[in-house]
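Chain by chain, the residues:
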Amino acid sequence: MDEQEKIIILYDYYSELFSDKQRKYFEEYYFDNLSLSEISENENKSRNAIHKSVKNVVNKLYEYEDRLGLYQKEKRLKKIIDKIDDKEIKKELEELL
């Protein structure tokens, strides 16, 4: 898995922990493929301010994962669930994830 893919996965877990503005800049950069310059023009902010905001979100994503480990825990749970033979129990557990 490449760096950008991991960042996006972590964002899926932790996006609600960021402000609306942080989410907007991050999503425009990673999901809409806008450059930092394009975002800064659209938002009437400096390119450096946008860069710092996006970089801060990325750093916080890694920090949250280091502390909370939601992504790693889900991966481990999926491996355990794959070993279960009872289809009903397996289905119920998968729905919880």
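Here the structure is a predicted model, which is why all the values come from computation and not from measurement.

K.L.:
Sorry, what's going on with unusual backbone geometry here?
P.N.:
Phi is mostly negative for residues that are not glycine, and the peptide bonds are mostly trans. In this structure, asparagine 33 is a non-glycine residue whose phi angle is positive, near 55 degrees. Summarising the element assignment, asparagine 33 is placed in the loop between helix H2 (20-30) and helix H3 (36-43).

K.L.:
Explain the packing of helix H1 (residues 3-14) against helix H4 (residues 47-68) to me, please; I cannot follow it from the model alone.
P.N.:
In the contact formed by H1 and H4, the axes pass within 10 Å of each other and the chain directions differ by 70 degrees. Judged by the inter-axis angle, H1 sits roughly perpendicular to H4. Here the hand of the crossing between H1 and H4 comes out left-handed. Of the residues in H4, those touching H1 at Glu3, Lys6, Ile7, Leu10, Tyr11 and Tyr14 are Val58, Leu61, Tyr62, Tyr64, Glu65 and Leu68. Class assignment of the residues belonging to the contact of H1 with H4 gives a composition of nine nonpolar, no polar and three charged.

K.L.:
For this particular structure, what's the right way to read the side chain of glutamate 28?
P.N.:
By the element assignment, glutamate 28 lies in helix H2. Polar contacts involving the side chain of glutamate 28 include one to the side chain of lysine 24, which spans 2.8 Å. Ignoring any residue separated from it by four or fewer positions in sequence, one finds glutamate 28 in contact with Asn33, Leu34, Ile39 and Glu43.

K.L.:
Sorry, what's going on with the pattern of salt bridges here?
P.N.:
Side chains that differ in sign of charge can pair as their charged atoms come close. Per the stated rule, a full pass over the model turns up six salt bridges. The residue aspartate 20 makes a salt bridge to arginine 23 at a minimum N-O spacing of 2.3 Å. Of this pair, aspartate 20 and arginine 23 both sit in helix H2, three residues apart, which is roughly one turn of that helix. Here lysine 24 ties to glutamate 43 by a salt bridge, and the two come within 2.6 Å at their closest N and O atoms. Here lysine 24, found in helix H2, pairs with glutamate 43, found in helix H3; they are 19 residues apart in sequence, far enough to count as distant. Residue classification places lysine 24 among the partly exposed residues on the basis of a relative accessible area of 35%. Counted as one network, the salt bridges with shared partners bring together Lys24, Glu28 and Glu43.

What counts, and where the lines are drawn
- Residues numbered from 1 in each chain as written.
- Predicted model: local features only at pLDDT ≥ 70, side-chain atom pairs only at ≥ 80, totals over all residues.
- Heavy atoms only, no water.
- Helix = DSSP H or I, 4+ residues; strand = E, 2+ residues; numbered from the N terminus.
- Axes fitted to C-alpha atoms, helices over the stretch in contact; angles between N-to-C directions.
- Parallel < 35°, antiparallel > 145°, perpendicular 65-115°, else oblique.
- Left-handed = near helix turned anticlockwise from the far one by under 90°.
- Contact = heavy atoms within 4.5 Å.
- Nonpolar A, V, L, I, M, F, W, Y, C, P; charged D, E, K, R; others polar.
- Polar contact = N/O pair within 3.5 Å; in protein donor to acceptor, adjacent residues only side chain to side chain.
- Salt bridge = Lys/Arg side-chain N within 4 Å of Asp/Glu carboxyl O.
- Buried < 20%, exposed > 50% of the residue type's maximum accessible area, 1.4 Å probe, protein only.

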